[in-house]
Amino acid sequence: MNLTLLPLLQQLLLVLAAIVLFLSFVLLAQVRLISAIHAFAWQGALVAAVTAVVAATGQVHHLYFSAALTLALKALLIPWMLHRLIRQLELERHTESLQSPALVTMGAVALVIFSYWLVLPMIHAEMTFTRNIIAISLSVVLIGLLMMVFRTQAVAQVLGFMSMENGLFLAAVSATDGMPLVVELGVAFDVLVAMVLFGVFFLQLRDSIDSLDVDRLNRLRETGGDSQ
Amino acid sequence: MSLTTLLTPTLSMDTALHLAGLAVVLALLSAVVSLAAGRARWVLRRVATPLLGCVGLAALAAGVMALLVGEVVSVTLPLGLPWLPWHIRLDALSAFFLAVIGVVTCAVGLYGPSYVRGFEYGKDSLTALGGFSGLFLTGMLLVVLADDAFLFMVAWELMSLSSYFLVAFHHEHAENRRAAFLYLLMAHVGGLMILLAYGVLAAFGDSFAFVDLRAAPVPAVWAGVAFALAFVGFGMKAGLVPLHAWLPEAHPVAPSHISALMSGVMLKVAVYGFIRVCFDLIGQIQWQWGVVVLAIGCLSALFGVLAALMQTDLKRLLAYSSVENLGIIFIALGLSLVFLSADFTELGALAFVAALYHCLNHALFKGLLFLGAGTILHSTHERDLDQMGGLLRRMPWTGLFFLVGVLSISALPPFNGFVSEWLTFQAALQAWQLDSGVLRSLIPIASAVLALTGALVAVTFVKVYGIAFLGQARSRHVRRAHRAPWGMLAGQGLLAVLCLALGVLPTWIIGLIDAVPRQVLGDGLPHAGASGWLWLTPVSPQTASYSGPLVVLMLAGIGLTAFWGLNHLWAKGAAVRWVRRGDAWDCGFAPPSSRMQYTATAFAQPIRRVFGMVFHIEESVTTQEDGSTRHRLRISDRFWGVLYLPIARAVESSARRVVRLQSGNVRVYLGWTLATLVGLLWIIT
Amino acid sequence: MGDLLTAPGWGIAVFQSLLYVALAPLLVGWLRKVKARLQNRRGPSLLQPYRDLYKLLAKEARVAHTASPLFRAAPYIVFTATWMAAATVPLLVVDLPTAAIADIIVLVGLLALARVFLALAGMDVGTAFGGMGASREMLIGALAEPAMLMAVFTLAMTAHSTNLSSVIDHHLSDGFVLRPSYLFALGGLVLVAIAETGRIPVDNPTTHLELTMVHEAMLLEYSGRHLALMEWAAQVKLLLYGTLIVNVFFPWGIGQGWSPAALGLGLAAVVGKLAVLAAALAVGETVLAKMRLFRAPAFLNLALLLSLLGLLSHVILEVGA
């Protein structure tokens, strides 16, 4: 594949996908919760932009609609809800640092290479463009999961979950020109409902264990016969 | 190479081989003279150590001559076992390492006599020092010349054992004995691995001669096994992480000129062994090997430099920095393996030449730095950086030579360390030619590690130089430091000049080294000097070019012009000529005393904080009864807890089980003997 | 090689490197002017840095009793190495002999040489502040250097050459191409440049608070012409990084021949681009606050991450196969 031979819109697509990946790294290592939410909002906006660009290159008109939906949902509504939640939980100045950020970042880099390696034999060499974007999407998904593993704060974990969803959406849009509109609407609705449920869950969690540190949930495990 | 044509009548492989033989004989002679000297303590200084210099000269001459001719010569000696005579072979690879051994030994021969003078009034056994130094050199020379596994192993063990006695030279301290024991143990485990690797190859080649091993039809799986064994065995000797633990213990405790030999040369002999076995004997390279070597090289480089940065003992710091440099060499070798496995022979040769060049460079600058550390030790009896300071004004020549070593090891242009690092980077940047996407993305990460390592080396050695040579003296011994004797200066000066020369004239050196990849890999670097001696163009002039001579010329030109212009032309016009001396300004606080300076520990503190997770750090500040505070800092190697202690514990517990056999009853022992005998006989039939 | 080493080529190379030294104070003057305007001050004249240098050069140099010869040699070495590094970066035209003598890696090496001598000079007199500055400078340098190398490797892998002239040529011949790797490399290089030239938020060039200084702490003991050389070297370094950024990532306008018209156009283009870049830097410095020292590693890790992602996105997104 030669980049210089691609049309400008496809080059733009690559740039946007690369920035989505970069924002995954930012989300992973961001110490301040508020900034992490902003990074997430930007990621949503970029995914929406990718959708719009795909719509423009492929003349797929229903993708314009899903771009608008993504923008409204992922870049505006959910970040706003998270913001409000954080204000309710009085976490505006909350910071949370990873145990060893350098190692986790290196792990994320390793995941990027791993997903590239995984995708390489999967797709024909003629479709390098799609394959490369799928590699990026897969690494966004994996980094989201990695974030959920290493972050202990519940809100940060939700961010990881949502960015996984971003990665899946990116893959769907770039590989198959988007899913049917009904499915997309359903997924969007699911994400929204999940967000609402998470909000309720946080408030409950805080009320019952007075913290949003998911490591505190360790106490909930079965301890055999010696419990009261 | 007009030089070659001019000298061709006098150059021949036979002469080179004779010179190499002369070197071995002289080294043995040096050992014998020392052992025979008995109570005449001057013999070591007057005869044995200068003889080492002659050994070096002969080896260097042999190596350079063989490289210039670029052919192969081999002989069979009527020594050794009846059915297995000793084979000797001098090819370009041996010649290169012969030259590396020779050049450092030369400097040690110049340096040694003044250094060992200090021991003449002590109680140390000079017989042992001289005798084992000679044997040590003999061993190294023979390893490089050996052409069969038997002679190789004999020489290898000779090298390991004699260096054990040199490490244990100051055996009155318990920690030195412990270091020597650890060294002996790990050297033997490593030796065993190498022996097994040869065993695997010999099983398919039906002989121990390298000729047969090279031709042996080894299946891919067994080739992998042989590679793994050889990598572990030679890697242990080369001090690669995580098998490095003996190195920072053993190298610093030997006398300094021996430390220079051990760090500068013996580690290179391990590299030689690795190249000989993996590139030459096994031959059928797989890309996974390259990735493993690359990864271990990266780990060693990064860990070595971080550990060096944490040290305050100068010689220990230098030893850790050897781990780092060996890591860099193995990064280049790993790159070479990757390229060779993908049939890019020319790129493989590029990385290979980078590794060899760095071997030579490391021998020179690490030798220089160890000799410098020895000079400081000789003159101040101090190894602790936090006690030094201001040595540049007390020992100006040592300071200058040490500065050259510091700049070379920090890979700064126009010195030699830069050239080899530049070549390694150039090889890594050719990764785009590879077909495998994963390798294409892994190699840039390896080069990122190399870049980080290089930058951290600069921090380490700025710390060393700034704390030891600049500022003000931090202790009484150091305030009384005196100039080094000329012999010691000559040894350092020789290496310092070579460090600069190898940085400025890389095309000549690469023209010499080029014979090695041509013989071992079948392809050299045809483009490296294609644009004339001024230009180093490893791949092609369009891809990359570096001109050491012109860089030096321009640096010197601009610098001198600026100096002359400002100090003579300008200052005359402005009627300010000289500088005026005064107290230090220091923002107008009280005049600075030597205790207000940053220490080595303080200098490394920011890095310690950033890379703290690599080590096990215990730090505490306690307030004494008199109100003063005391800062305690202990940094230990995590690998001890993770790798070595569990193994030691496992060995101990299994030994405790075996000890049950020792009942004390002779008849029980005889019973075991009988059982073993019967068992063996049964297996044989 | 031979076609580069012609007399006009050398002539233009010498002219260009002299231009570096001559223009460097002007860039600093412009930066200060814009910053002052942003802070509602009139600010000093554009030529003030020249006057400062002249004043320092005319003054007597004082050297501490405890200083070694290295202290007096260091300003010349630092200045020379920085200048030599600058000479390899195409300012007006490409295809100059200096770019062939020293490629990007040598450029990084020369800057490292300057930094090592700067740090050594800081430690030479044996004051507390000098050691502190040296320790911090080396920390920042150690983290910035790999990021810088990775960023330039991205360029080198795209152009298949480490020669800066070839990199720029390659970029020009491709025309306008959106490359994710260039975007990341640009980000990484900008962060490195900010850290290496001691600008806010990593270091404050105008600070006079001892405990927060990095670059200035190493220069505390210098005066007279020695100080002038050190300051001048810092200004050349700023110009070098600025030129590197604008001419590699936005090479349009740089001369490709040696005609006077190409030179003039190149000069106009580079001055314009640098003015914009410096104005952007001034805005950044006005809105940002200086970080604590131990936030600097995070800043530089971001630079390293950006450069690494640049390399990876080059491999994954732009090459294929």
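Read on for a plain summary of the structure. These numbers were taken from a predicted model, which means no experiment stands behind them.

Details of the interface of chain C and chain A
- Taken together, the contacts link 21 residues of chain C with 25 residues of chain A.
- Here chain C and chain A share an interface that buries about 2,000 Å² over both sides, 81% of which is from carbon and sulfur atoms.
- Between chain C and chain A we count 0 salt bridges in total.
- Our count for the contact surface shared by chain C and chain A stands at 2 residue pairs in polar contact (both at pLDDT 80 or more).

What to know about the state of the cysteines
Residues and elements named next belong to chain B.
- Throughout the structure, instances matching the rule amount to 0 disulfides over all chains.
- Looking at the unpaired Cys298, the closest cysteine sulfur is the one in Cys359, lying at 17 Å.
- Taking the relative accessible area as the measure of exposure, Cys298 reaches 11% and is therefore buried.
- Of all cysteine sulfurs in the structure, the one in Cys359 sits closest to Cys499, which takes part in no disulfide; the separation is 14 Å.

Comments concerning unusual backbone geometry
Residue and element names in this part refer to chain B.
- Looking along the chain, the bond that leaves Val241 and enters Pro242 is cis, with omega of 5 degrees.
- Mapped onto the elements of the fold, Pro242 is located in the loop between helix H9 (220–238) and helix H10 (247–253).
- A cis amide bond links Pro413 with the next residue in sequence, Pro414, at an omega value of 5 degrees.
- Phi is positive for His381, close to 55 degrees, though the residue is something other than glycine.
- Mapped onto the fold, His381 is located in the loop between helix H14 (345–380) and helix H15 (391–394).
- The class for His381 is exposed, based on a relative accessible area of 62%.
- With phi around 55 degrees, Ala411 is a residue other than glycine that occupies positive phi space.
- Locating Ala411 in the fold gives a position in the loop between helix H16 (396–409) and helix H17 (416–429).
- Here Ala411 falls in the buried class, since its relative accessible area comes to 10%.

A few points about the pattern of salt bridges
- Inspection of the entire model under this criterion finds 19 salt bridges over all chains.
- Note that Asp313 of chain B is salt-bridged to Arg383 of chain B, the shortest N-O span being 2.7 Å. Of the two residues, Asp313 of chain B sits in the loop between helix H12 (287–310) and helix H13 (314–341) while Arg383 of chain B sits in the loop between H14 and H15, which places them 70 residues apart along the sequence.
- Residue Glu60 of chain C pairs with Arg580 of chain B through a salt bridge whose shortest N-O separation is 3.2 Å. With Glu60 of chain C in the loop between helix H2 (48–58) and strand S1 (62–64) and Arg580 of chain B in strand S3 (residues 580–582), this pair bridges two chains.
- On the accessibility criterion, Glu60 of chain C (32% relative accessible area) is partly exposed.

Considering a nonpolar patch on the surface
All names here are of chain B.
- A cluster of nonpolar side chains, namely Val658, Leu661, Val668, Tyr669 and Trp672, defines an oily patch on the protein surface of about 440 Å² accessible area.
- With respect to the helices, strands and loops of the structure, Val668 is situated in helix H27 (residues 666–684).
- Of the residues examined, Val668 reaches a relative accessible area of 34% and is grouped as partly exposed.

Points about the nonpolar core
- The biggest cluster of nonpolar side chains holds 455 residues, and the ones touching the most others in it are Phe152 and Phe279 of chain B.
- When residues in this core are grouped by element, the largest group, 22 residues, is from H14 of chain B.
- In this structure, Phe152 of chain B is in contact with Val143, Ala146, Ile194, Tyr198, Phe210, Phe234, Tyr272 and Gly273 of chain B, ignoring residues within four places of it in sequence.
- Ranked by size, the runner-up nonpolar core spans 6 residues in total, among them Phe129, Met132, Met213 and Leu220 of chain C.

A look at the pairing of strand S1 (residues 73–81) of chain B
Residues and elements named next belong to chain B.
- Where S1 meets strand S2 (residues 84–90), 7 bridges bridge the pair, whose relative direction is antiparallel. The partner of Ser74 across the bridge, within S2, is Arg89.
- Between the end of S1 and the start of S2, which pair antiparallel, lie 2 residues.

Here's the deal with helix H4 (residues 101–119) of chain A
- Over its 19 residues, H4 of chain A extends 27 Å from the first C-alpha to the last, a length consistent with the 27 Å expected when each residue adds 1.5 Å.
- The complete set of buried residues in H4 of chain A reads Val104, Thr105, Ala108, Val109, Leu111, Val112, Ile113, Ser115, Tyr116 and Val119 of chain A.

Re the packing of helix H2 (residues 13–37) of chain B against helix H5 (residues 126–145) of chain B
Residue and element names in this part refer to chain B.
- Where H2 meets H5, the closest approach of the two axes is 7 Å, and the angle between their N-to-C directions is 160 degrees. Viewed along their axes, H2 and H5 adopt a mutual orientation that is roughly antiparallel. Relative to H5, H2 is oriented so that their crossing is left-handed. Along its contact with H2, which presents Ala20, Ala23, Val24, Ala27, Leu28, Ser30, Ala31, Ser34 and Leu35, the element H5 presents Thr127, Gly130, Gly131, Gly134, Leu135, Leu137, Thr138, Leu141, Leu142 and Leu145.
- Here the contact of H2 with H5 is built from residues that sort into 12 nonpolar, 7 polar and no charged.

Calculation rules
- Residues numbered from 1 in each chain as written.
- Chains lettered and ligands numbered in written order.
- Predicted model: local features only at pLDDT ≥ 70, side-chain atom pairs only at ≥ 80, totals over all residues.
- Heavy atoms only, no water.
- Contact = heavy atoms within 4.5 Å.
- Buried area = accessible area lost by both parts, 1.4 Å probe.
- Salt bridge = Lys/Arg side-chain N within 4 Å of Asp/Glu carboxyl O.
- Polar contact = N/O pair within 3.5 Å; in protein donor to acceptor, adjacent residues only side chain to side chain.
- Disulfide = S-S within 2.5 Å.
- Buried < 20%, exposed > 50% of the residue type's maximum accessible area, 1.4 Å probe, protein only.
- Helix = DSSP H or I, 4+ residues; strand = E, 2+ residues; numbered from the N terminus.
- Patch = residues over 30% accessible without salt bridge, like charges linked within 9 Å, V, L, I, M, F, W, Y side chains within 5 Å.
- Areas by Shrake-Rupley, 256 points an atom, 1.4 Å probe, with all protein chains shown as cover.
- Core = buried A, V, L, I, M, F, W, Y, C linked by side-chain atoms within 4.5 Å.
- Pairing = 2+ DSSP bridges.
- Expected span 1.5 Å × (residues − 1).
- Axes fitted to C-alpha atoms, helices over the stretch in contact; angles between N-to-C directions.
- Parallel < 35°, antiparallel > 145°, perpendicular 65-115°, else oblique.
- Left-handed = near helix turned anticlockwise from the far one by under 90°.
- Nonpolar A, V, L, I, M, F, W, Y, C, P; charged D, E, K, R; others polar.

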